[in-house]
Amino acid sequence: VIVLYNCPGMMSEDAPQWRALLTRLVPDIDFRVWPDIGRAEEIEFILAWKHKPGDLKRYPNAKAIFWLGAGVDHLVKDPDLPRQVPIVRLVDDGLTRSMTEYVVQHVLHYHRRQDEFDALQRRREWNQLVYPLARHRKVGLLGLGVLGSDAAEKLLMFGFDVASWTRSPKSLPGVQSFHGESGFLPFLKRTEILVCILPLTPETTGIIDARTLTALPQGAFVINAARGGHVVDADLIAALDSGHIAGATLDVFHEEPLPADHPYWVHPKVRVTPHVAGQTFAETAAAGILEGMQSISAGKPPKNLVDLTKGY
Ligand code: NAP
Ligand code: GLV
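In short, a report on the structure. The residue count restarts for each chain, going from 1 along the sequence in the order it is written. The order in which chains are written sets their letters, starting at A; the order in which ligands are written sets their numbers, starting at 1. Local features are withheld for residues below a pLDDT of 70 in this predicted model, meaning they are given only at 70 or higher, and side-chain atom pairs are given and counted only at 80 or more; totals for whole chains, interfaces and linings count all residues. Computation of side-chain values covers all heavy atoms of the structure but excludes hydrogens and water.

Turning our eyes to something else, we now look at the overall build of the protein. Secondary structure summary: the protein contains nine helices and twelve strands in total. It is over C-alpha atoms that the radius of gyration is taken, and the globule rule equals 2.2 Å times the number of residues to the power 0.38. Scaling as 2.2 N^0.38, a compact globule of 312 residues should have a C-alpha radius of gyration of about 20 Å, and the protein matches this with 21 Å. For the C-alpha atoms alone, the extent of the protein along its principal axes is close to 65 × 40 × 35 Å. Going through the 312 residues of the protein one by one, you find that 51% of them count as buried. Numbering goes from the N terminus for both helices and strands, where a helix is a DSSP run of H or I of at least four residues and a strand is a run of E of at least two. Burial here depends on accessible area, computed with a 1.4 Å probe over protein chains only, as a share of the maximum for the residue type. Under 20% is buried, over 50% is exposed, and the range in between is partly exposed.

So, about the sheet that holds strand 12 (residues 270-272). As summarised here, the arrangement of the seven strands in space is 8-7-6-9-10-11-12, forming an open sheet in which the pairing is parallel. The sheet is open, and its two borders are formed by strand 8 (176-179) and strand 12, each paired with just one other strand. Each adjacent strand pair in this sheet contributes to an overall mean axis angle of 15°, direction not counted. As paired elements, strand 6 (residues 138-142) and strand 9 (residues 193-196) share four bridges and run parallel to each other. When DSSP locates at least two bridges between a pair of strands, those strands are taken to pair. Note on method: axes are straight lines fitted to C-alpha atoms, helices fitted across the in-contact stretch only, with angles between N-to-C directions ranging 0 to 180 degrees.

For this analysis, a nonpolar core means a set of buried residues of the types Ala, Val, Leu, Ile, Met, Phe, Trp, Tyr and Cys, connected via side-chain atoms within 4.5 Å. In terms of nonpolar packing, the biggest core is built from 71 residues, with Trp-18 and Leu-47 touching the most fellow members. In this view, Leu-47 contacts Val-3, Leu-4, Tyr-5, Asn-6, Cys-7, Trp-18, Leu-22, Phe-31, Phe-66, Leu-68, Ile-289 and Met-293; residues no more than four positions away in its chain are not counted. Counting residues in each nonpolar core, the second largest holds 30 residues, with Phe-184, Phe-187, Leu-213 and Val-270 among its members. Contact criterion: two residues are considered in contact whenever any of their non-hydrogen atoms come within 4.5 Å of each other.

With that out of the way, let us pick up the site of ligand 2. Nearness is defined per residue: one heavy atom within 4 Å of the molecule or strand is enough. Lining the immediate surroundings of ligand 2 are Trp-49, Gly-69, Ala-70, Gly-71, Arg-227 and His-275. Take Ala-70: an N or O atom from its main chain is 2.7 Å from an oxygen atom of ligand 2. In this structure, Arg-227 approaches ligand 2 through a side-chain N or O atom, which is 2.7 Å from an oxygen atom. When isolated, ligand 2 has an accessible area of 200 Å², and the protein chains bury 88% of it. Polarity classes work like this: nonpolar for Ala, Val, Leu, Ile, Met, Phe, Trp, Tyr, Cys and Pro, charged for Asp, Glu, Lys and Arg, and polar for all others, with Gly in that last group. Considered class by class, the residues forming the shell around ligand 2 number two nonpolar, three polar and one charged. Under this definition, polar contacts are N or O atom pairs within 3.5 Å; protein pairs additionally need one hydrogen-donor-capable and one acceptor-capable atom, and for neighbouring residues in sequence, both atoms have to be side-chain atoms. Per-residue accessibility takes into account occlusion by the displayed protein chains alone, with areas from the Shrake-Rupley method and a 1.4 Å probe.

For the rest of this paragraph, the subject is the packing of aromatic side chains. To describe a pair of aromatic rings, you give the distance between the ring centres and the angle between the ring planes. Within 6.5 Å between ring centres, the rings of Phe, Tyr and Trp (the latter by its six-membered ring) count as paired, and their orientation is classed by plane angle as stacked under 30 degrees, edge-to-face over 60, tilted in between. Under the defined criterion, the tally for this structure stands at eight aromatic pairs. Plain terms: the ring middles of Trp-49 and Trp-67 are 5.2 Å apart, the flat faces sit at 50° to each other, and that makes the pair tilted. In this pair, Trp-49 is assigned in the loop between strand 3 (45-48) and strand 4 (64-67) and Trp-67 in strand 4, connecting sequence segments 18 residues apart. Both rings, one in Tyr-110 and one in Phe-221, keep their centres 4.3 Å apart while their planes meet at 15°; by these two values the pair is stacked. Placement of the pair is Tyr-110 in helix 3 (residues 93-111) and Phe-221 in strand 10 (residues 220-224), with a sequence separation of 111 residues. A relative accessible area of 2% means that Tyr-110 is categorised as buried.

With that out of the way, let us pick up the sheet that holds strand 4. Spatial ordering of the open sheet is given by 2-1-3-4-5, a layout of five strands whose pairing is parallel. Single-partner strands in this sheet number two, and they are strand 2 (30-33) and strand 5 (87-88). Pairing analysis gives four bridges linking strand 3 to strand 4, with the strands arranged parallel. Its bridge partner lying in strand 4, Leu-47 is registered against Phe-66. Helix-sheet contacts for helix 1 (residues 14-25) involve strand 1 (2-6), strand 2 and strand 3, and the interaxial angle to strand 2 is about 170°.

At their nearest, the axes of helix 3 and helix 5 (residues 146-158) sit 9 Å apart, and the two run at 45° to each other. Relative to helix 5, the element helix 3 lies oblique. As helix 3 packs across helix 5, the resulting crossing turns out to be right-handed. On helix 5, the residues touching Leu-95, Thr-96, Met-99, Thr-100, Val-103, Val-104, Val-107 and Leu-108 of helix 3 are Val-146, Leu-147, Asp-150, Ala-151, Lys-154, Leu-155 and Phe-158. Of the residues in the contact of helix 3 with helix 5, the class split is eleven nonpolar, two polar and two charged. Relative orientations are named as follows: roughly parallel for angles under 35 degrees, roughly antiparallel for angles over 145 degrees, roughly perpendicular for angles from 65 to 115 degrees, and oblique for any other angle. Helix crossings are classified by the rotation of the near helix relative to the far one: an anticlockwise turn of less than a right angle makes the crossing left-handed, while a clockwise turn makes it right-handed.

Turning next to the side chain of His-51. Examined against the element boundaries, His-51 turns out to sit in the loop between strand 3 and strand 4. Among the polar contacts listed, one links the side chain of His-51 to the side chain of Asp-78, at a separation of 2.8 Å. With residues up to four places along the chain from it excluded, the contact list for His-51 reads Asn-6, Pro-8, Leu-56, Trp-67, His-74, Leu-75 and Asp-78.

See the structure below:
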């Protein structure tokens, strides 16, 4: 099996780890690391992440592209994407668990008024602020796919009042489902902590704008663990400055790395993390990718195929 690793967007130490893990499972694998591709027509499978647009069309015998992340927005906007080659996105327990940790961490942070306790500490002030029971705290998830569902289940374990907003109706036990255009405003009106885990598509771009933020109750919080393009930055900053939104935790940005002069870095109500909410762990992901390669080689459809008409 000849595999090309074309992941300039991943850390350089990742390639040897992928090579070692895949070779342990399939000893005769020929694992090539871009740009040392050898003969392009030999490449059978491509592992890619944040590739150089145009680069994926160079492999005439590629049987599949395995995207080493959950969100395929970078991939689908490549005008030279070989659309006839199946694309398999990453669905993996390590990634899912890490995203859920992030969501739970930051929901708990706001639920337990941690920003206010931090401010009290800075003033050496002892003030036992009260917080509601989790069952009285309304968390709203934009997106209830692989990642949103796991986060929802873990939030339910803490007892939070959880709702979701999606394209199609959902029936995850314990989660109130809203969907489509008509479900959007009612979903926002009941949501005190909004968590975005949507794919970035033309329909979801800029979804966290002034209209959305205004519909949230006074003092609501926003957590964006999806893509920077979901947020209209000027609208969010205005809503934070007016006090309507009490705080925002942002993992993803229009431009990454977040430029040094961006107002988010120093905004007192913004917590910035550097696109680490959910991470790809070769250790957990390698076996699933090999399983996908085996399915394709056996002429069977692999799991987690991207639907290019939906864009996710
Ligand atoms: P997924 O399984 O495909 O789930 C996507 C969810 O979004 C589905 O519930 C879907 O609704 C909903 N959705 C899509 N378009 C919609 C629309 N126009 N209106 C309403 N709902 C819509 O994806 P996933 O694996 O959970 O990943 C979600 C996203 O997380 C990724 O695309 C990526 O952007 C982001 N992510 C970020 C990080 C990070 O570190 N920051 C890490 C991993 C992933 P239906 O079920 O009704 O289709
Ligand atoms: C990370 O952002 C991913 O999409 O997996």
